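A structural walkthrough
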Amino acid sequence: MSDIIVLPSHALLGRTVDFSIHYLKEYELFGHKLYITTTHVSIAIVMLIILIFAVCANIAIRKADPYKKPGKFLNLVELLVETLDGITINGMGKTYGYKYRNYIGSLFIFLFVANLSGLLGLRPPTADYAVTFSLAMISFVIIHYAGFKYQKLGHITDLFKPLLLTPINIIGEIATPLSMSLRLFGNILSGTVLMSLVYGLLPKALTYIVPGFLHAYLDVFSGVIQAYVFTMLTMVFTAQNFDVEE
Amino acid sequence: MNSSISNEAFVLGCSAIGAGLAMIAGIGPGVGQGIAAGQGAAAVGRNPGAKGTIMSTMLLGQAVAETTGLYGFAVAIILLYANPLLKKL
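Residues numbered from 1 in each chain as written. Chains lettered and ligands numbered in written order. Predicted model: local features only at pLDDT ≥ 70, side-chain atom pairs only at ≥ 80, totals over all residues. Heavy atoms only, no water.

A word on the layout of surface pockets. The computed volume of the largest pocket comes to approximately 730 Å³. Lining the largest pocket are 29 residues, with Asn187, Ser190 and Tyr217 of chain A together with Glu66 and Leu70 of chain B positioned closest to its centre. Going through the elements one at a time, helix 7 (166-201) and helix 8 (211-239) of chain A together with helix 2 (27-46) and helix 3 (51-82) of chain B are the ones with two or more residues in the lining of the largest pocket. Residue contributions to the lining of the largest pocket peak at 11 residues, all from helix 3 of chain B. Partitioning the lining of the largest pocket into residue classes produces 19 nonpolar, 9 polar and 1 charged. When its volume is computed, the second largest pocket comes out at roughly 470 Å³. Every residue lining the second largest pocket is counted, 17 residues in all, and those nearest its centre are Leu80, Val81, Leu84, Ser106 and Ile109 of chain A. Along the lines of polarity and charge, the residues of the lining of the second largest pocket split into 12 nonpolar, 3 polar and 2 charged. (1 Å grid on protein atoms, 1.4 Å probe; cavity = no way out; pocket = protein on both sides within 12 Å on 5 of 7 lines; lining within 4 Å. Points joined across faces, edges and corners; volume = space filled by probe spheres on them. Helix = DSSP H or I, 4+ residues; strand = E, 2+ residues; numbered from the N terminus. Nonpolar A, V, L, I, M, F, W, Y, C, P; charged D, E, K, R; others polar.)

Printed below as a string of structure tokens:
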């Protein structure tokens, strides 16, 4: 799998097309060679953006006067929180939705900013399989935590329900995080590849005009849809384990 | 027959052809997503009140249908840039 992450830059028609992850700094930990890559840098910038927004929101909420109308920024924050809560409760139901809105909300905000970071000229962190796979593994742990919490041992015996289909059930459980992470990775990477091809191969003057439409589709539309889909799939798979019908 | 092509060049060229063939996988998701979008439009036409639910269900189904195409894309990218076949020479 490590071969996918390192993509060498290629020279095409004299212009360079570069969408690879670069090594910036090398260090050793317990005898393994590890690298600080461009993904780390862009993920740090994404984190910084979210952190600044969070600190501003926190200050605005503390200063808020409940007897007055909320200001512009506070309104935006309230809208964001209400939308994310609404999405979670729509997907998971009223009884359990409130417990998972923290994770779902932060996942969506992170994926949203990370997918849109291509607009800032960064290489999106989600175009690195390590990032998407670790996010999918977190979701995997949460899905099965919910399963063991609400169905107790039934979560394991469900795997053997039609006894003949046991291997297929087990493979299906393992394939869940794999397909979730590959979906996000593939979508964002295809956007990155296409954008770098356009920037690399078009004549220099045209690169100020043409990529605008492509950015709108590949970065904004596709990125937002994929962030929504990833959180939605996490919610659907988690909600399968709740034992309550409303 | 005097063939002056080196083994590496042959493997690289065949990898490029394989990458192109792998992207034929894009046909399936395209058709599937189109069918899903058409059914979604029909459903909205029949029941405009449920537009939000129909939209989210349609997007979820389309994203799942897209996965097979992305597997093909992953295979193509690996063939082009990770060159797993060169290591077997």
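Further remarks concern helix 7 of chain A. An ideal rise of 1.5 Å per residue puts 52 Å on 36 residues; helix 7 of chain A measures up with 51 Å between its terminal C-alpha atoms. Where helix 7 of chain A bends most, at Ala175 of chain A, the angle is about 35°, and the proline Pro177 of chain A comes one to four residues later. (Expected span 1.5 Å × (residues − 1). Bend = angle between axes of the 7 residues up to and from the residue.)

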